[in-house]
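# Architecture at a glance
Each chain is listed here by its residues.
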Amino acid sequence: MEVARVLERLLETREAEIRLVSRDNFLLFTPLLHEVAASDLDITTIVNPIRKMVRRTEFIAADVNSINLIEQTVTIAHGVDRHIHILGYDHVVLALGSVSHFRGITGLEQNAMTMKTLEDAITLRNRMIAHLEEADPDCSEITRDATLTMVVAGGGFAGVETVSGIYDFMESAVQTYPNLSPSMLRVMLIHGGSHLLPELGPELGNFTGDKLVARGIEVLLNRKLIASTPNDVTLDDGRVIATKFVVWTGGNTAPAQLAQLRTESEDARVLTTRTMLVEGHPNVWALGDCARIPDSNGRYYPPTAQHALRQARVLAENLAASLHGQTTRELSFNTIGQMASIGRRSGVAQILGYRFSGFTAWFLWRTVYLTKLPRWGKRIHVALNWFLDLFFSKDSVQFMSFRAPGQGIPEKGSSDTLESRASASNSQGV
């Protein structure tokens, strides 16, 4: 979307037609996704309608099925009946993001939730409430341990913020259930490395781990999942943990639509030059999570929003320059900082080489992301939500049912869930 907005400024209407294809008709502000799951923010506060953010770009809400680089076409599926359109192009910008990479772990894709989309956050929130409702009746005493055990796999930013949000929400919501108590909750974070948040280094990673443990979250380091079933997960040390609630944040990869361009690397992203042209294709550009863009040191820019926004602006300028026969420039940007919220008004941050932790880091985290939210209306809504959160308990209204008559909590993808019924019209699922 940022590429389209910059192109609108750089190109006259007579020079180019700009089309933006996206499955969703909104821009999702992913850094606050876990706050929606934890009922700290309303769903609508972290999304912005794309049609309000572009002026003369033609927006098409559709799934991208395939990209033909030889014929220079993009095949999309659109509408309730998912009918096919074929769009031609002179230049194409690939910004398809990433999808969860389950690393071949047995049963994980079928049984785990992910934390990448708005639907994921809504599903996670409703699953937490569904498990509380399931565990509260006296008849659930036998299965209560597995129902109230929450496992998050992956100790990066997404995993740490998700497990913190889960614990905050469950600790608050469980107090409204007469047969349950906070001591019955078991929230676990499993990470394959020696410390959490490897991007921030061992000092802040160890601080984060200590804070989570002090709050009551079990942190297992140097451990990996090797199998998942609807009723338990198995770790690489042979331990079996009974749980019906697993969240996977342990890896991403490029979407399948980019198979013809993806590298053989572990994350399979598209390799580009420093101008963000895909190597070997003079009219194909890529950026964001789906791209591997080299920096001046021979490494690759990390897949974070601060880098993607700079990539978008430089890419748009380079695309316009190529249309005008001008020289393109290479991307050059140094990371400003990275931050994570770890719950209970505590956080960790590394900004311009300085490290912060505790309340200061949490305050910086909220302040920075509030200013980064698109559009003033959303910023005001988020600020109001955060202010009211200081005085009122979390809302535990369940927006979707995970139980059909006579049935318990189904596995992810079961046909009796509202999520599955709603996604029936989407060929890629929601």
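All figures in this text were calculated on a predicted structure; none of them were measured in a lab. (Residues numbered from 1 in each chain as written. Predicted model: local features only at pLDDT ≥ 70, side-chain atom pairs only at ≥ 80, totals over all residues. Heavy atoms only, no water.)

What follows deals with the overall build of the chain. Along the backbone of the chain there are eleven helices and 23 strands. Scaling as 2.2 N^0.38, a compact globule of 430 residues should have a C-alpha radius of gyration of about 22 Å, and the chain matches this with 22 Å. When the 430 residues of the chain are sorted by exposure, 50% land in the buried category. Taking contacts inside the chain between residues at least 6 apart in sequence as the whole, the part at least 24 apart equals 62%. A total of about 20,400 Å² of accessible surface is found on the chain, and carbon and sulfur atoms cover 52% of it. Distance between charge centroids for the chain: 5 Å, based on 42 positive and 46 negative side chains. (Helix = DSSP H or I, 4+ residues; strand = E, 2+ residues; numbered from the N terminus. Rg over C-alpha atoms; globule rule 2.2 N^0.38 Å. Buried < 20%, exposed > 50% of the residue type's maximum accessible area, 1.4 Å probe, protein only. Contact = heavy atoms within 4.5 Å. Areas by Shrake-Rupley, 256 points an atom, 1.4 Å probe, with all protein chains shown as cover. Lys, Arg positive; Asp, Glu negative; His and termini not counted. Charge placed at Lys NZ, Arg CZ, Asp CG, Glu CD.)

This paragraph deals with the environment of Gly205. By the secondary structure assignment, Gly205 is in helix H7 (residues 201-215). Take Gly205: its relative accessible area is 1%, and that puts it in the buried class. As for Gly205 and Ser194, which are separated by eleven residues in sequence, their C-alpha atoms are 9.1 Å apart. Setting aside anything within four residues of it in sequence, one finds Gly205 in contact with His195 and Leu196.

Enumeration over the complete set of coordinates arrives at one cavity of 30 Å³ or more. Lining of the largest cavity is provided by Arg269, Gly288, Asp289, Ala291, Tyr301, Pro302, Pro303, Thr304, His307, Ala308 and Gln311. For the lining of the largest cavity, the element with the most residues is helix H8 (residues 305-323), which contributes three residues. (1 Å grid on protein atoms, 1.4 Å probe; cavity = no way out; pocket = protein on both sides within 12 Å on 5 of 7 lines; lining within 4 Å. Points joined across faces, edges and corners; volume = space filled by probe spheres on them.)

The next point concerns the pairing of strand E4 (residues 58-68). Looking at chain direction, strand E1 (residues 19-22) and E4 are connected through four bridges and run parallel. Paired with Val21 across the bridge in E4 is Ile60. When E4 meets strand E5 (residues 73-78), the two strands line up antiparallel, connected through six bridges. Residue pairing across strands places Val64 opposite Ile76, the latter belonging to E5. Hairpin remark: E4 followed by E5, antiparallel, with four residues in the connecting loop; positive phi at Gln72, about 55°. (Pairing = 2+ DSSP bridges.)

Let us now look at the packing of aromatic side chains. The full count for this structure, using the stated rule, is six aromatic pairs. Taking the centre distance of 6.3 Å and the plane angle of 25° together, the rings of Phe359 and Phe363 count as stacked. Remark: Phe363 and Phe359 occur in helix H9 (residues 359-372); sequence separation between them is four residues, near one turn of the helix. Considering the side-chain rings of Trp365 and Trp386, the 6.5 Å spacing of their centres and the 40° angle between planes classify their relative orientation as tilted. Residue Trp365 is found in helix H9, and its partner Trp386 is found in helix H10 (residues 376-389); the two are separated by 21 residues along the sequence. Aromatic ring contacts, followed pair by pair, group Phe29, Trp365, Tyr369 and Trp386 into a single cluster. Above the ring of Tyr300, the side-chain terminus of Arg292 is found at 4.0 Å from the ring centroid. One cation-aromatic arrangement involves Arg379 over Trp376; the distance from NZ or CZ to the ring centre is 4.7 Å. (Phe/Tyr/Trp six-rings, centres within 6.5 Å; stacked < 30°, edge-to-face > 60°. Lys NZ or Arg CZ within 6 Å of the ring centre and 35° of its normal.)

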